Amino acid sequence: AELDAVNEVLNDAPEIPGCDIFLEEMEAALSSDNVRMSTQEARAFALLAEQSVRRGIDYATLRQGWDHPDNRMAYREARHRSFTCAASRQRQASSKEHLLHLLRSIQTGEATPATVIPSALLRELGVLESEYQPTFPGVLAALENELLLPLRALHEGQESMTRTFNGAAVPAEPIAATVHALIANVVKGTYKEWRYSNPVGLRQLEGLSDEQKAAWAESASMDHPGELRTHEDQPDDLGLFWATKIGGPSHGFDVEGQCLLPLVCNARHKVLLVSVPDWPHYPVGRAHFRLLWTATDGKPLLWLETVNSDFRARVSSKKWPPAVVKHAVAKAEKMGVMLWIDNHLTPLLRAASEGKGE
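Residues numbered from 1 in each chain as written. Predicted model: local features only at pLDDT ≥ 70, side-chain atom pairs only at ≥ 80, totals over all residues. Heavy atoms only, no water.

A. A look at the nonpolar core. If you look at the biggest cluster of nonpolar residues, it comprises 62 residues, and the most contacted ones within it are Leu182, Tyr191, Phe241 and Val264. Each residue touching valine 264, except ones within four places of it in the same chain, is listed here: Leu182, Tyr191, Trp194, Arg195, Leu240 and Phe241. Ranked by size, the runner-up nonpolar core spans 36 residues in total, among them Trp216, Val276, Ala313 and Leu345. (Core = buried A, V, L, I, M, F, W, Y, C linked by side-chain atoms within 4.5 Å. Buried < 20%, exposed > 50% of the residue type's maximum accessible area, 1.4 Å probe, protein only. Contact = heavy atoms within 4.5 Å.)

Next up, the structure:
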């Protein structure tokens, strides 16, 4: 079962340099009398290898910028020049050698998978292990959500985040502190809790009742005809890191990363995602969804922006806007607040709220 977990992830193993050696070492580690690796540990190790070796990008050299891929599928395919350039190939080779070393230490009983896998992820992110308290569940969740590259880009690309698109300066210290807290809570498994409980998040939600706060934080999902589903990401919110790679492009974890921080860090900022059976790989549509306050009387309202479509998905988006507006109306009703939407969606709002009063 453990090797099945590895092969499920590394289904295109020939594309990974030295993957045959990796699989041999994994098999030896799993069959050793001195060590046992659970299915979850084997899957975590395989995901770590997939994301660091086959899909590795050396952001320490390349930095953030507009030359990186603009859709999630391109990151999975790993054929873009961000993956094939000399710096990234060298980084991939270093990752492979380190993972093979860890497998040997597991095989000999010198280390346990639950210990070395969190440490290995921190190494791949380029951070100091002593500054973090990772847990295996937190690390596994991060790897399941393909967060190695997003977290690496935010950490190693901070220099790129100190200038706006127009060249204005952005203070480096707040960015560094925010990225550190972000990574720390992801690997610890407390990311969603942190978004809503840190001092900034609490301040952003001031004025809401406890019931309204709970309704806003809920990762609600709604099914629509044709197996279309609208959802506020997923219960752990870890899909937010990839959300802006759905359509755009305007910013993402490796381009204008400072603009992604409000989404992944702020309690008042979410996305409404669209998933359809014709594109099973990941959510195909995305609309920013924010909690705001009126300037004159300080009343809460929800703001729904336009719906964006993934660049690679060749599917019809005709039914998405009505479904997204219906979802937003239901959210506003549950919270008992106003809803403000992008102008071109106004007719859909009228239709969705017909007979419901203001």
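Structure shown, so let's carry the discussion forward.
B. Molecular detail of the packing of aromatic side chains. For the coordinates displayed, the defined rule picks out ten aromatic pairs. An aromatic cluster is present here, built from Tyr75, Phe83, Trp242 and Phe253 joined pairwise through their rings. Sitting over the ring of phenylalanine 253, lysine 245 keeps its end group 5.0 Å from the ring centre. The residue whose ring lies beneath lysine 270 is tryptophan 216, and the NZ or CZ to ring-centre distance is 5.0 Å. (Phe/Tyr/Trp six-rings, centres within 6.5 Å; stacked < 30°, edge-to-face > 60°. Lys NZ or Arg CZ within 6 Å of the ring centre and 35° of its normal.)

C. How the structure looks around the environment of serine 316. Mapped onto the secondary structure, serine 316 falls in the loop between strand E6 (308-309) and helix H17 (320-335). Exposure remark for serine 316: the relative accessible area of 57% places this residue in the exposed category. For the pair serine 316 and aspartate 278, spaced 38 residues apart in sequence, the C-alpha separation works out to 9.2 Å. (Helix = DSSP H or I, 4+ residues; strand = E, 2+ residues; numbered from the N terminus.)

D. Spotlight on the side chain of asparagine 198. Topologically, asparagine 198 is positioned in the loop between helix H12 (191-197) and helix H13 (199-204). Within the local environment of asparagine 198, its side chain forms a polar contact with the backbone oxygen of tryptophan 194, the two atoms lying 2.7 Å apart. (Polar contact = N/O pair within 3.5 Å; in protein donor to acceptor, adjacent residues only side chain to side chain.)

E. View of the pattern of salt bridges. Applying the stated rule across the entire model yields 22 salt bridges. Residues aspartate 254 and lysine 245 are paired through a salt bridge, measuring 2.8 Å at the closest nitrogen-oxygen approach. Given the relative accessible area of 0%, aspartate 254 is considered buried. The exposure class of lysine 245 is buried, given its relative accessible area of 3%. Because the salt bridges share partners, they merge into one network encompassing Glu50, Arg54, Arg55, Arg72, Arg76 and Glu146. (Salt bridge = Lys/Arg side-chain N within 4 Å of Asp/Glu carboxyl O.)

F. Just the pairing of strand E3 (residues 269-275), in detail. Taken across its seven residues, E3 has seven buried, putting it largely inside the fold. Burial along E3 is two-sided: the face carrying His269, Val271, Leu273 and Ser275 and the face carrying Lys270, Leu272 and Val274 are both buried. Relative to E3, strand E2 (residues 228-231) runs antiparallel, the two being bridged by three bridges. When the sheet's bridge partners are listed, threonine 230 is paired in E3 with valine 274. (Pairing = 2+ DSSP bridges.)

G. Summary view of helix H14 (residues 210-217). Burial in H14 covers these residues: Gln212, Ala215, Trp216 and Ala217. Those residues of H14 that are buried are in contact with H12, E3, strand E4 (285-293), strand E5 (300-304) and H17.

H. Representation of the environment of arginine 152 within the structure. Its location among the elements puts arginine 152 in helix H10 (residues 148-156). Along the backbone, arginine 152 and arginine 123 are 29 residues apart, and their C-alpha atoms lie at a distance of 9.8 Å. For arginine 152, the residues in contact, after removing those within four places along its chain, are Gly56, Ile57, Asp58, Tyr59, Arg91, Ser95, Glu124, Leu125 and Gly157. Of note is the side chain of arginine 152, whose polar atom sits 2.7 Å from the side chain of glutamate 124.

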